[in-house]
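Structural characterization, general
Okay, here's what each chain looks like letter by letter:
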Amino acid sequence: MSNEWPLWEVFIRGQHGLSHRHVGSLHAPDAEMAVNNARDVYTRRNEGVSIWVARAVDITASAPGDKGPLFEPANSKIYRHPTFFDIPDEVGKM
Amino acid sequence: MYAQQVKSTGARVKSLEEMDAQERAFQERIDAGIKIEPKDWMPEGYRKTLIRQISQHAHSEIVGQLPEGNWITSAPTLDRKAILIAKVQDEAGHGLYLYCAAETLGVSRDQMTKDLLSGKAKYSSIFNYPTLTWADIGAIGWLVDGAAIMNQVPLQRCSFGPYSRAMIRVCKEESFHQRQGYDIMMKLCDGTVEQKEMAQDALNRWWWPSLMMFGPSDNDSVHSAQSMAWKIKQDSNDELRQKFVDQTVPQADYLGLKPPDPDIKWNEARGAYDFGEVDWEEFFRVVKGGGPCNKERLAARNKAWDDGAWFRDGLMAYAATRDARKVAAE
Ligand SMILES: [Fe+2]
Ligand SMILES: [Fe+2]
């Protein structure tokens, strides 16, 4: 019981042209087995064309408590969105 | 259901005024339909209830492979065999999605496995019944997966993000399970007199255990109120059971089969089927370990775990040696 296989996070590219997306995790002794297991656990119905695995312990995540300092500054910068600017119809598509 | 015996806190649900600021903020997020993620603050009771529920659900998927696995080598055709293997493999996948969701709450996979193997953790009572004939494989897909879908569809909206996402994956795969089961039943009911009798016999044996999957009657489920407030559970056991009966009786009609309950009768006023009382004594006996196959199921899981130990350890040793060699070469 003490020798538990490490946890891996699994990322799948669903189709050519899309980025990899996190789909879940699994246990495996090493990276090669993690890819093999991910094939069986997460792509039984053609859900992917490419798999990434990364050891869960190697992932650094932002803390929920940092949500304010990290993301709130973007709230006030509405000029980053194109709709902030009114362009007259006569100008045409822009 | 797949988690029939989930003990929650056992305490009365607190009103918002009775909660401290942190707990109130948490409850308000849930009420607003915002998902809770693993690193967010949560009440200890929420965490514990979820660990119990998700791990029971996972154990059910894993143990649930055994009754069907029993027929893989005896499937009547190569096609049926390939389909059954794919179905059982899906159930293994469901177990794995769910274990991972539970692990995000801070319980280890080995701990959950240990609790299953020791008999401490529960799994659904339905998997303690034997699969005696091929028709049982049809009945399981039709009834057991059908009941599972009924329970799992609302769980997609569960307040805990990882559980909800696991349920979304599971639900995408379940409809194949139910349809392959019903397809087996249709073939048998279209066949010889003996084959149709076999289908009826399977329905007779699986009907009541399927109704038990939804858990005790609402009057006896003391832990539901808190789980509903936390949106871990959306519908009451009796509501889901009624929905299942209403959906399944016409499907049995189509097959020309009769559920083994003389009290089934369409109730025009309610717009639903009336049906008889489940034998709750049997339910609690099976949950407590007294079903026809409880011992066999646990023994099979223990054997698989013990027999696989050299393999798990061997692969870990191999990975460690290779990593050490890589470090030495650098
Ligand atoms: Fe399943
Ligand atoms: Fe299923």
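See the structure shown above.
For the structure given in this document, a descriptive report is provided here. Since the model is a prediction, treat every value here as computed from it, not as a measurement.

The next point concerns the coordination of the iron ion (ligand 1). All names here are of chain B. Taken together, Glu 61 (OE), Glu 91 (OE), His 94 (ND1) and Glu 174 (OE) make up the protein donors of the iron ion (ligand 1), found 2.1 to 2.6 Å from the metal. Coordination at the iron ion (ligand 1) comes from 4 donor atoms whose angles at the metal span 80 to 151 degrees, giving a geometry best classed as irregular. Between the donor residues of the iron ion (ligand 1), the gaps in sequence give the motif E-x29-E-x2-H-x79-E. Separation of the iron ion (ligand 1) from the iron ion (ligand 2) amounts to 3.3 Å, with Glu 91 serving as a shared donor to the pair. Note that Glu 91 and His 94 are positioned in helix α4 (residues 78–103) at a spacing of 3 residues, about one turn of the helix.

Below, the discussion takes up the pattern of salt bridges. Inspection of every chain in the model, using the stated rule, returns 23 salt bridges over all chains. Where Arg 45 of chain A meets Glu 173 of chain B, a salt bridge forms, and the shortest distance between an N and an O atom there is 3.4 Å. Here Glu 173 of chain B lies in helix α7 (residues 161–189) and Arg 45 of chain A lies in the loop between α1 (31–42) and β3 (50–55), a pairing that spans two chains. Given the relative accessible area of 34%, Arg 45 of chain A is considered partly exposed. Arg 241 of chain B is the partner of Asp 238 of chain B in a salt bridge, and the nearest nitrogen-oxygen pair spans 2.7 Å. Taken together, the residues Asp 238 of chain B and Arg 241 of chain B, both in helix α10 (residues 237–255) and 3 residues apart, mark about one turn of the helix. Residues participating in the shared-partner salt-bridge network are Arg 44 and Arg 45 of chain A together with Asp 90 and Glu 173 of chain B.

On to the interface of chain B and chain A, then. Taken residue by residue, the interface counts 26 residues in chain B and 23 residues in chain A. Between chain B and chain A lies a buried interface of about 2,100 Å² when both sides are counted; carbon and sulfur atoms form 55% of it. It is Asp 110, Arg 169 and Met 316 of chain B that lose the most area in chain B upon contact with chain A, and together they represent 26% of the buried surface on that side. Between chain B and chain A we count 6 salt bridges in total. A salt bridge links Arg 45 of chain A to Asp 90 of chain B; the shortest N-O distance between them is 2.5 Å. Our count for the chain B to chain A interface comes out at 12 residue pairs in polar contact (both at pLDDT 80 or more). Among the elements of the structure, α4, α5 (109–117), α7 and α13 (309–329) of chain B are those that each provide at least two residues to the side of chain B that touches chain A.

Residue and element names in this part refer to chain B. The protein atoms that coordinate the iron ion (ligand 2) are Glu 91 (OE), Asp 145 (OD), Glu 174 (OE) and His 177 (ND1), at distances spanning 2.0 to 2.2 Å. With 4 donor atoms in place around the iron ion (ligand 2) and angles of 83 to 168 degrees between them, the coordination shape is irregular. Within one chain, the residues serving as donors to the iron ion (ligand 2) are arranged as E-x53-D-x28-E-x2-H. On the basis of relative accessible area, Glu 91 is assigned to the buried category, the value being 3%. Overall, Glu 174 belongs to the buried group, its relative accessible area being 0%.

What follows concerns the sheet that holds strand β2 (residues 20–27) of chain A. Paired through backbone hydrogen bonds, the strands of a sheet run either parallel or antiparallel to each other. Residues and elements named next belong to chain A. Read from one edge to the other, the open sheet built from 3 strands follows the order β2-β1-β3, with strand pairing classed as antiparallel. A single partner strand is all that each edge strand has here, and the edge strands are β2 and β3. The mean angle between the axes of side-by-side strands here comes to 30 degrees, regardless of whether they run parallel or antiparallel. Across the sheet, α1 is in contact with β1 (7–13), β2 and β3; its angle to β2 comes to roughly 105 degrees.

What counts and what doesn't
Sequence positions are assigned chain by chain, starting from 1 and proceeding in written order. Chains and ligands are labelled sequentially in the order written, the chains with letters from A and the ligands with numbers from 1. pLDDT decides what is reported in this predicted model: residues at 70 or higher carry local features, side-chain atom pairs at 80 or more are listed and counted, and totals for whole chains, interfaces and linings draw on all residues regardless. Side-chain calculation: all heavy atoms of the structure are included, whereas hydrogens and water are not. Donors, by definition, are the N, O and S atoms found within 2.8 Å of a metal, the threshold being 3.2 Å for Na, K and Ca, and water is not counted, so a site can look incomplete. A four-donor site is classed as tetrahedral when every donor-metal-donor angle falls between 85 and 135 degrees; four donors are called square planar, and six octahedral, when trans pairs exceed 155 degrees and all remaining angles lie between 65 and 115, with any other arrangement labelled irregular. Put simply, DSSP marks the helices as runs of H or I at least four residues long and the strands as runs of E at least two long, and each gets a number from the N terminus on. Salt bridges are defined as contacts in which a side-chain nitrogen from Lys or Arg sits within 4 Å of a carboxyl oxygen from Asp or Glu. Accessibility here uses a 1.4 Å probe with only protein chains present; expressed as a share of the type maximum, an area under 20% marks a residue as buried, one over 50% as exposed, and anything in between as partly exposed. In this analysis, two residues are considered to be in contact whenever any of their non-hydrogen atoms come within 4.5 Å of each other. As used here, buried area is the combined drop in accessible area, with a 1.4 Å probe, of two parts when they are placed together. Think of a polar contact as two N or O atoms within 3.5 Å of one another; within protein, one of them needs to be a possible hydrogen donor and the other a possible acceptor, and neighboring residues in sequence only count if both atoms come from side chains. Strands were regarded as paired on the criterion that DSSP finds at least two bridges between them. Convention adopted: a line fitted to C-alpha atoms gives each axis, helices being fitted over their contacting stretch, and angles between N-to-C directions are expressed from 0 to 180 degrees.

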